[in-house]
Amino acid sequence: MLWIDNKGDEMSFTALLADKSYLRHFWHPVCTLKEFTESAPAGIGPMAVKLLGEDIVLAKLDGRIAAMRDRCAHRFAKLSKGCVKQGAAGDRLECPYHGWQYDKDGACRTIPACPELPIPKKARSDAFECEVRYDIVWVRLDASFGVTEIPLFSDWEEEGMRVVVVDSYVWQTSAERRWENFTDFSHFAFVHPGTLYDSAFARPPMAPVNRVNGELRFSIEPPKEMLEQLPEHSPLGAFNYRCTMPYTVNLEIALYRKPERFVLWTTSCPIDDMTCRNFMIIARADTDDDDATHVAFQKQVLAEDQPVIESQFPHHICTEEISVVTDKVSIQYRKWQRELASAALQGKEQFERALLTDIVEPPIASVAQAQVAAV
């Protein structure tokens, strides 16, 4: 693949995934519920979003948020520029150009210019599966396989947990690079010294990386000695990662400072190959302090990460990159991505097998064993 760098020079790189159509079979977040309700005065849309390079419109029709292609079948105007019409016959999304109206399934129900004529069968906008979970709107572009679920968030309804859904944010990078950033242990000492980690501990701990029920699972225990160098709200503890493919991380932390549960959950929407919208939820058992303190701390961490991650060129993960033993998590993640991409082209059975077949490693006893496991 040919790329042009910031100086205008041509550079050739091989993308890890030549075909990313497998992502259409997964559920992806497109906005928070708060962002949707604030997108239009009545709180029912329409709202324009983009997923995997496709323009999508969201609108609350007949009591549920619907998702369809953001394009009128008539003269291809954007439906997101229109409005929602509520009536006895049902709610309709009206095109701003000629007033064609669409129902929640994407079928055109009204053509004002010629109401006496039958509506053409092709007069529709493709509708997509749409659900609200964790106060986030999720869309799945291809439901033909039907083997994926909306990713796990462990503590949404956990009694005694305070849950905060943070406003989404956009980075100029791929969703794959954002995921790897969140699960990369080696960068802590260099990107987050004094925030999340002590720079004196540059060698990260190693752990088995397992596939279980569509998740990558791994756990590490950073050195407790680092606590003296970190701020009060730095959530240092034993980290337990449950990562639902392709982009969600449910990080459960057994805090060192206090015997209380803390969960940091994040996921990304692949807007296109070079841009991702990111979502975060913070859940904690300690409700004595305010939400703003924890949100501000996480935003500080993101501000440290963002310029580094956006500097990676190209935005795609490339096969020319050099990996070492401590990159084990990303190596296993990339391997699974390749398997899923290939399996999806072969059909539902192969895709389901690649996604849901469990692979569990034995405990790692040495660096040598870790290096073998990482390759």
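Refer to the structure presented above.
Residues numbered from 1 in each chain as written. Predicted model: local features only at pLDDT ≥ 70, side-chain atom pairs only at ≥ 80, totals over all residues. Heavy atoms only, no water.

**Comments concerning the layout of surface pockets**
Heads up, the condition is: For each structure, a 1 Å grid was placed over the protein atoms alone; sets of points admitting a 1.4 Å probe that cannot get out are labelled cavities, open sets with protein on both sides within 12 Å along at least five of seven lines are labelled pockets, and lining residues have an atom within 4 Å of a point. Grid points are joined across faces, edges and corners, and a volume is the space filled by probe spheres set on the points. Only DSSP runs of H or I with at least four residues qualify as helices, and only runs of E with at least two residues qualify as strands; both kinds are numbered from the N terminus onward. Each residue is assigned to one of three groups, with Ala, Val, Leu, Ile, Met, Phe, Trp, Tyr, Cys and Pro labelled nonpolar, Asp, Glu, Lys and Arg labelled charged, and all others, Gly among them, labelled polar.
In this structure, the largest pocket spans a volume of roughly 420 Å³. Mapped by element, the contributors of at least two residues to the lining of the largest pocket are helix 2 (175–182), helix 4 (291–310) and helix 5 (328–344). Residues of the lining of the largest pocket, tallied by class, amount to six nonpolar, eight polar and seven charged. Estimates place the volume of the second largest pocket at around 250 Å³. Contributing to the lining of the second largest pocket are 17 residues, with Glu-149, Ile-150, Pro-151, Asn-213 and Thr-244 lying nearest its centre. Elements that contribute at least two residues to the lining of the second largest pocket include exactly strand 16 (237–244) and helix 6 (348–356). Taken together, the residues that form the lining of the second largest pocket break down as nine nonpolar, four polar and four charged.

**Quick look at the packing of helix 2 against helix 5**
Formally: Where helices are involved, their axes are fitted lines through C-alpha atoms of the stretch in contact, as for all axes, and angles between N-to-C directions lie from 0 to 180°. Our angle categories are set so that under 35 degrees counts as roughly parallel, over 145 as roughly antiparallel, 65 to 115 as roughly perpendicular, and the remainder as oblique. Crossing handedness follows the turn of the near helix against the far one: under a right angle anticlockwise gives a left-handed crossing, and clockwise gives a right-handed one. The contact criterion used throughout is that any non-hydrogen atoms of two residues lie within 4.5 Å.
Where helix 2 meets helix 5, the axes come as close as 10 Å, and the angle between the chain directions of the two elements is 150 degrees. Taken together, helix 2 and helix 5 sit at an angle that is classed as roughly antiparallel. The way helix 2 lies across helix 5 gives a crossing that is right-handed. Together, Glu-176, Arg-177, Trp-179 and Glu-180 of helix 2 and Val-329, Ser-330, Tyr-333, Arg-334 and Gln-337 of helix 5 make up the contact between the two elements.

**Describing helix 6**
Test applied: Think of it in three bands: residues with accessible area under 20% of the maximum for their type are buried, residues over 50% are exposed, and the middle band is partly exposed, with areas taken using a 1.4 Å probe on protein chains only. Arc definition: it is the arc formed by the directions from the helix axis to the C-beta atoms.
Restricting attention to buried positions, one finds in helix 6 the residues Phe-351, Ala-354 and Leu-355. All buried residues of helix 6 lie within an arc of 95 degrees about the axis, which places them on one face of the element.

**What about the pairing of strand 17 (residues 249–255)?**
Formally: A pair of strands is treated as paired once DSSP finds two or more bridges between them.
Of all seven residues in strand 17, six are buried, a share of seventy percent or more. By the bridge criterion, six bridges tie strand 16 to strand 17 in an arrangement that is antiparallel. In the sheet register, Tyr-241 faces strand 17, and the bridge partner there is Leu-251. From the end of strand 16 to the start of strand 17, which pair antiparallel, there are four residues. Relative to strand 18 (residues 261–272), strand 17 is paired through six bridges, and the arrangement is antiparallel. Bridging across to strand 18, Asn-250 finds its partner in Trp-265. Here strand 17 folds back onto strand 18, and the loop between the two strands holds five residues.

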